Amino acid sequence: MNEELHADALETLIGTLGAVDHRSVEWNNVRWTAYLIHQHLRYEYPGHIHDLRQRLIIIPPERHGSQRLVTHKLEISAPIAETRRETDAFGNRVIHLDVAYVEKAIDFTAWIVIERDATLGPTRLPAPADARYLAHTALTMPDDAIRAVAEMFRAENLSPFALAHRINTWVYEWFTYEWGLTGVRTSAAVSFGMRRGVCQDYAQVMIALCRLCDIPARYVSGHLLGEGGTHAWCEVLLPDPDDDTHVIAHPFDPTHGRVPGMSYLTVAVGRDYGDVAPTSGTYRAPYSGHLSTRKHAGVTALEYFSEE
């Protein structure tokens, strides 16, 4: 895989961004799709800062089920003292950047080319499912109210797959989407009590309920076409009925009450938001910075299944 795009090829791809209107696509009949993501993050500070240590998780893995990373390019507006790339314990692509000095602002701009092939099937992982996805975390720790709902679900004696669908629908109907009430440090118990939140809250409440029902569940960070920011949903890890050596990662989006399809692009997975935060870091200065983000994800080409 090429780490960078040539300038002329990049300009051509940017020119085709959004060439296919995602709203007109018959997503249930799509066989193959190519996407271009343009993502920009900018930190601004009241004055200069020193010793910035930045962590970025914005580049997808090379493979995730039917999704393949074709190529990508990352630009940083300040001179970089050191860059380290690694794959973390969850299989995510992590970029660590050390910047000695920033005058007043620093920009991170990524261009990412992805393709998806629906014929490749779901995401499969070696069995058994990772035990970390059954353990509660600080952000998914249930309270008595969540435990009571989980007991209601357990009493219905549904199969794990049917129960995951049931929880997905229930969380969608329970919550009201409202921006500004919660943040990245808001726990599932707090947002559950308010019955309001954004996609990360929906996802973390569903994860908490699934884990209480002995269903391994993980947090997914990525992009949904048509949304301006990053999106969050869940995957539950259930045995592959055709291969007992593997489990299948079944995606669910409780924010929209549906099963994610070809209009969803995965960037990272983890136990909760903290494992997959797109940007985080530390620096030396007596004041706080301000983060602004801008993103556009578009379809550049697609093919439908033949009607024959």
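Definitions and cut-offs
- Residues numbered from 1 in each chain as written.
- Predicted model: local features only at pLDDT ≥ 70, side-chain atom pairs only at ≥ 80, totals over all residues.
- Heavy atoms only, no water.
- Patch = residues over 30% accessible without salt bridge, like charges linked within 9 Å, V, L, I, M, F, W, Y side chains within 5 Å.
- Areas by Shrake-Rupley, 256 points an atom, 1.4 Å probe, with all protein chains shown as cover.
- Salt bridge = Lys/Arg side-chain N within 4 Å of Asp/Glu carboxyl O.
- Helix = DSSP H or I, 4+ residues; strand = E, 2+ residues; numbered from the N terminus.
- Buried < 20%, exposed > 50% of the residue type's maximum accessible area, 1.4 Å probe, protein only.
- Pairing = 2+ DSSP bridges.
- Axes fitted to C-alpha atoms, helices over the stretch in contact; angles between N-to-C directions.
- Contact = heavy atoms within 4.5 Å.

Draft legend 1. Structural context of a nonpolar patch on the surface. Taken together, the side chains of L181, V190 and M194 make up a nonpolar region of the molecular surface, amounting to roughly 230 Å² of accessible area. Along the polypeptide, M194 turns up in helix α4 (residues 188–194). M194 gets classed as partly exposed once you look at its relative accessible area, which sits at 31%.

Draft legend 2. Quick look at the sheet that holds strand β11 (residues 217–224). Overall, antiparallel pairing links the five strands, which are arranged β8-β13-β12-β11-β14 in an open sheet. Each edge of the open sheet is held by one strand with a lone partner, namely β8 (123–126) and β14 (264–270). The average undirected angle you get between the axes of adjacent strands in this sheet is 35 degrees. When strand β12 (residues 231–240) meets strand β13 (residues 243–252), the two strands line up antiparallel, connected through seven bridges. Bridging across to β13, P239 finds its partner in V247. Of the strands in this sheet, β12 and β13 are in contact with helix α3 (residues 160–174), which crosses β13 at around 15 degrees.

Draft legend 3. Here's a closer look at the environment of A217. Here A217 is to be found in strand β11. Given the relative accessible area of 0%, A217 is considered buried. Each C-alpha atom of the pair A217 and I207 lies 5.5 Å from the other, and the pair is 10 residues apart in sequence. Setting aside residues no more than four positions away along its own chain, A217 makes contact with Y133, I207, C210, R211, E235 and V236.

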